[in-house]
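Coordinate analysis (summary)
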Amino acid sequence: MKQILITVILCATALIGLRIASPKQESKSTVIETIHARRSIRKYKDTPVEKEKLEQVTLAGIAAPNAMNRQAWAIRVIGSKEWIKRCTDAYLPTIEGTPMGEHLLTPDFKNMFRNAPAVIFVAAEPSAYAGVDCGILAQNMMLAAHELGLGTCCLGSPVGFMNSKEGEPFLASLGLPEGYALQFAIAIGYADEAPEAKPRDQSKIVFVE
Ligand SMILES: Cc1cc2nc3c(=O)[nH]c(=O)nc-3n(C[C@H](O)[C@H](O)[C@H](O)COP(=O)(O)O)c2cc1C
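All values reported here derive from a predicted model rather than from experimental measurement.

Let us look at the nonpolar core. Across soluble globular proteins, nonpolar side chains have a tendency to be buried as a group. By size, the foremost hydrophobic cluster in this structure holds 26 residues, and its most contacted members are W83, C87, F113, F121 and M162. In terms of residues, this core owes the most to one element, helix α4 (residues 81-95), which gives five residues. Excluding residues that lie within four positions of it along the chain, F113 makes contacts with W83, I84, C87, V119, F121, L155, P158 and A187. Counting residues in hydrophobic clusters, the runner-up holds 24 residues, among them A124, C134, A138 and M141.

Here it is as structure tokens:
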């Protein structure tokens, strides 16, 4: 009896010890809470995003449902400040004097990826559902990022540049498989703003009797 009691006490002590030693959980929010808490972030701290977090985010991405499990996507992660700066330097002359230039070039402008320290490009194979697959992958990544304390913003605007003559070296540097088309970029980093939720039109939802 005494031996059992000692074993129980030892196990309990070990478990408490393990709890203390284990890394702090980022969050305990539910998926639905995370969905409603996510925002597009356009101001980021300079803090680089840890590679492990980028790995977790991209692994959550490819866990997305996708047509016939073709996984018709390609994901390219850019964590290099230099790459982002070179790309932005090439981009800026192309928007000078345009409405996009006025829109983007605010006093706190850092780079063309909504000022994020890292960016994830997503490209699709030329197949029927690949665009849908990439969209679901993106939402998985953005929700996972939020759960890990990161902000994101899905960006369609860099695609036109990347497909242009000026953007060609940057697109080429992504090494996408033959025939794959860039869909969007996801800016990612530690948020330096906390915007309110944008309104949603609930009349878009109709329950058909
Ligand atoms: C396909 C797609 C393209 C987008 N492109 C841009 C973009 O180029 N620049 C930008 O600032 N936000 C972009 N966004 C973010 C949207 O503006 C944002 O999701 C929307 O305003 C709703 O705000 P919320 O994400 O905070 O809920 C894009 C979002 C999606 C899904």
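Below, the discussion takes up the confidence of the model for the protein. Per-residue confidence for the protein gives a mean pLDDT of 91, with 87% of residues at or over 70. Under a pLDDT of 50 for its full length, residues 15-24 has, in the predicted model, zero contacts with residues more than four places off or in other chains.

The next subject is the site of the ligand. If you check the shell around the ligand, you find R38, R39, S40, R42, R114, C153, C154, L155, G156, S157, K198 and R200 and nothing else. The contact in question runs from an oxygen atom of the ligand to an N or O atom on the side chain of R42, over 2.7 Å. The separation between an oxygen atom of the ligand and a polar side-chain atom of R200 is 2.9 Å. With the chains in place, 63% of the 620 Å² that the ligand exposes on its own is no longer accessible. Looking at the shell around the ligand element by element, the count peaks at three residues for strand β3 (residues 151-155). Looking at the shell around the ligand, its residues break down into three nonpolar, three polar and six charged.

The rules we used
Residues numbered from 1 in each chain as written. Predicted model: local features only at pLDDT ≥ 70, side-chain atom pairs only at ≥ 80, totals over all residues. Heavy atoms only, no water. Core = buried A, V, L, I, M, F, W, Y, C linked by side-chain atoms within 4.5 Å. Buried < 20%, exposed > 50% of the residue type's maximum accessible area, 1.4 Å probe, protein only. Helix = DSSP H or I, 4+ residues; strand = E, 2+ residues; numbered from the N terminus. Contact = heavy atoms within 4.5 Å. pLDDT = per-residue confidence, 0-100. Near = heavy atom within 4 Å. Polar contact = N/O pair within 3.5 Å; in protein donor to acceptor, adjacent residues only side chain to side chain. Areas by Shrake-Rupley, 256 points an atom, 1.4 Å probe, with all protein chains shown as cover. Nonpolar A, V, L, I, M, F, W, Y, C, P; charged D, E, K, R; others polar.

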